[in-house]
Amino acid sequence: MQKNFLIVCSIILIGVLAFGFITNTMNSVNQSIKDLNKEIIDGDENYNKAVIDLNNENYDTAADELTKSAQSFQKARDILNRLDREDFRLNNQIYATYINLTSQELENKQNASTLLLNATIALKGGYVSSGNDYIYKAGYAMSDALNYQYQRAELVKNNPDEFENTTL
């Protein structure tokens, strides 16, 4: 009788520990997603400010904003890498898709920031043709990034139970 009681208690304890682990992991994932989104939004804001500065020929200010943008996107990439490791423990296809879409979005946004910084340097140096070429390429990279961002937003919208209070 005592042996059965110990077995039942052990099973209950294992269940409680597993539930606690899953809950803590999900809370960590949701917080990481919020942090990730904040960095992406910050990077986007800096990028957009840089575009305005570039249009106004404020090359130094544009370069500063693009540096900030790249830093925010890199912070987002670091958070994403942590999320990727957590996702393997969760074995959740929705999160795996989210991570893939966000990774593609960040890759394109980082590329767009670099290209726009190259454009800023070229235009400041008087190389208008090269500057315009970089701007053209940056526009395409950002367009691709926005496509991934839209897909990511749709994934969150279509799976509200998976993403707690996530703002894109």
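The shown structure was predicted, so the numbers you read here are calculated from the model rather than taken from an experiment.

Calculation criteria
Residues numbered from 1 in each chain as written. Predicted model: local features only at pLDDT ≥ 70, side-chain atom pairs only at ≥ 80, totals over all residues. Heavy atoms only, no water. Helix = DSSP H or I, 4+ residues; strand = E, 2+ residues; numbered from the N terminus. Buried < 20%, exposed > 50% of the residue type's maximum accessible area, 1.4 Å probe, protein only. Contact = heavy atoms within 4.5 Å. Areas by Shrake-Rupley, 256 points an atom, 1.4 Å probe, with all protein chains shown as cover. Polar contact = N/O pair within 3.5 Å; in protein donor to acceptor, adjacent residues only side chain to side chain. Salt bridge = Lys/Arg side-chain N within 4 Å of Asp/Glu carboxyl O. Expected span 1.5 Å × (residues − 1). pLDDT = per-residue confidence, 0-100.

> Can you explain the overall build of the protein? Please cite residues and give values.
Broken down by element type, the protein carries four helices and zero strands. The N-to-C order of helical and strand elements in the protein reads α-α-α-α. When burial is assessed residue by residue, the protein has 37% of its 168 residues classed as buried. Sequence separation of 24 or more characterises 75% of the internal contacts of the protein that already satisfy a separation of 6 or more. Split by element, the accessible area of the protein, about 10,100 Å² in all, is 54% carbon and sulfur.

> Hey, could you go over the side chain of Glu 65 for me, with residue numbers and the actual values?
By secondary structure assignment, the location of Glu 65 is in helix H2 (residues 59–90). Polar contacts involving the side chain of Glu 65 include one to the side chain of Asn 46, which spans 2.7 Å. Contacts of Glu 65, omitting those with residues within four sequence positions, involve Asn 46, Lys 49, Ala 50 and Asp 53.

> Which residues make up the pattern of salt bridges, and what values go with them?
Using the criterion set out here, one finds six salt bridges in the structure. One salt bridge connects Lys 124 with Asp 60, and the closest N-O pair in it is separated by 2.6 Å. Taken together, the positions of Lys 124 in helix H3 (residues 93–124) and Asp 60 in helix H2 put the pair 64 residues apart, joining distant regions of the chain. Using a relative accessible area of 52% as the deciding quantity, one classes Lys 124 as exposed.

> Help me get a handle on helix H4 (residues 128–158), residues and values and all.
Along its 31 residues, H4 runs 44 Å from first to last C-alpha, staying within 8% of the 45 Å computed at 1.5 Å per residue. Within H4, burial applies to Gly 131, Ala 138, Ala 141, Met 142, Ala 145, Arg 152, Leu 155 and Val 156.

> Any details on the confidence of the model for the protein? Residues and values, ideally.
Looking at the protein as a whole, the pLDDT averages 82, with 74% of positions reaching at least 70. Under a pLDDT of 50 for its full length, residues 15–25 has, in the predicted model, three contacts with residues more than four places off or in other chains.

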